[in-house]
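Architecture and fold: a report
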Amino acid sequence: MIHYKSAEEIELVRESAQIVSKTLGLVAKEIKPGVTPFYLDKLAEEFIRDHGAEPGFLGLYGCPSTLLTSVNEAVVHGIPTNKPLQEGDIISVDCGAKKNGYYGDHAYTFQIGEVRFEVKQLLKVTLECLYIGIEATNTSNRLGDVGYAIQQHAESHGYGVVRELVGHGLGKAMHESPDVPNYGKRGKGQRIKNGLVIAIEPMINLGTRRVKQLSDGWTIVTADRLPSAHFEHNVAVVNGKAEILSTFDFVEEVTTQRLAV
Ligand code: MG
Ligand code: MG
């Protein structure tokens, strides 16, 4: 059953989402060759607690970390390690926070130094997929239209759209109904209504859409070990269309500066 949110509840999700947005901004400042995902994880945990919130993932389903850090061929659910990031890597940093009983949850894929062109292009198109999905999240549509829009854009570039992992409703729980697949058929699925609060999170692979889970029981990797990208926002449907509750502004301030150096 979908729990449609009141304006008050949407504000609470926004507050938690903004804490995540600022945490990703902090990560953006620190991320460079030689830094370890484990270090980023500790920083993120401290930052979230300093903002009167709790890490959203830590302890959830037994998750041992605040961030999920997925490097290169890892799609999602990578556990932060002590392996230093290297020039040319990409890393999806996914973060959750809970404040006043409501969750925020989003993700950004960062480039470490100079990344090869085809990987940069994958990141660009995956980010476009996210905003195309958000645009399709309106009360004239059904959830299948959202997945369809994302899938079309990704596949038009020859990329693989992951099927096994999907976006989701969020609120008092990190994962609520409905599922929000990044693939779908036009006019199918749940009708989109005001008060719907969801995480939209395209996971797009450079090669095959097929994925595997590593023996750590967490990390999802591409079956062909080619890179994968992941961007996520939290949105609420208000007055017929999607309002983005999270922001990449804190990240983009930093990454733009770095690109300009
Ligand atoms: Mg997430
Ligand atoms: Mg999510």
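Now for a quick tour of the structure. (Residues numbered from 1 in each chain as written. Chains lettered and ligands numbered in written order. Predicted model: local features only at pLDDT ≥ 70, side-chain atom pairs only at ≥ 80, totals over all residues. Heavy atoms only, no water.)

Donor atoms from the polypeptide that coordinate the magnesium ion (ligand 1) comprise Asp-94 (OD), Asp-94 (OD), Asp-105 (OD) and Glu-232 (OE), at 2.1 to 2.5 Å from the metal. The sequence pattern formed by the donor residues of the magnesium ion (ligand 1) is D-x10-D-x126-E. A gap of 3.0 Å separates the magnesium ion (ligand 1) and the magnesium ion (ligand 2), which Asp-105 links by coordinating each metal. Placement of Asp-94 in strand β4 (residues 90-99) and of Asp-105 in strand β5 (residues 102-111) is noted, with a sequence separation of 11 residues between them. The same class applies to Asp-94 and to Asp-105, which are both buried. (Donors = N, O, S within 2.8 Å, 3.2 Å for Na, K, Ca; no water. Helix = DSSP H or I, 4+ residues; strand = E, 2+ residues; numbered from the N terminus. Buried < 20%, exposed > 50% of the residue type's maximum accessible area, 1.4 Å probe, protein only.)

Further remarks concern the pairing of strand β2 (residues 67-71). In terms of burial, β2 is a largely internal element, four of the five residues being buried. The pairing of β2 with β4 spans five bridges and is antiparallel. The residue bridging Ser-70 from the neighbouring strand is Ser-92, located in β4. (Pairing = 2+ DSSP bridges.)

Turning our attention to the packing of aromatic side chains. Overall, the coordinates contain four aromatic pairs when judged by the stated rule. Arranged with centres 5.0 Å apart and planes meeting at 90°, the rings of Tyr-108 and Phe-231 form a pair that is edge-to-face. Of this pair, Tyr-108 sits in strand β5 while Phe-231 sits in the loop between β13 (228-230) and β14 (233-238); the two residues are 123 residues apart in sequence, bridging distant segments of the chain. Note on accessibility: Tyr-108 and Phe-231 belong to one class, buried. Measuring from ring centre to ring centre gives 6.3 Å for Phe-231 and Phe-248, while their planes differ by 65°; the resulting arrangement is edge-to-face. Of the two residues, Phe-231 sits in the loop between β13 and β14 while Phe-248 sits in the loop between β15 (241-244) and α5 (249-260), which places them 17 residues apart along the sequence. (Phe/Tyr/Trp six-rings, centres within 6.5 Å; stacked < 30°, edge-to-face > 60°.)

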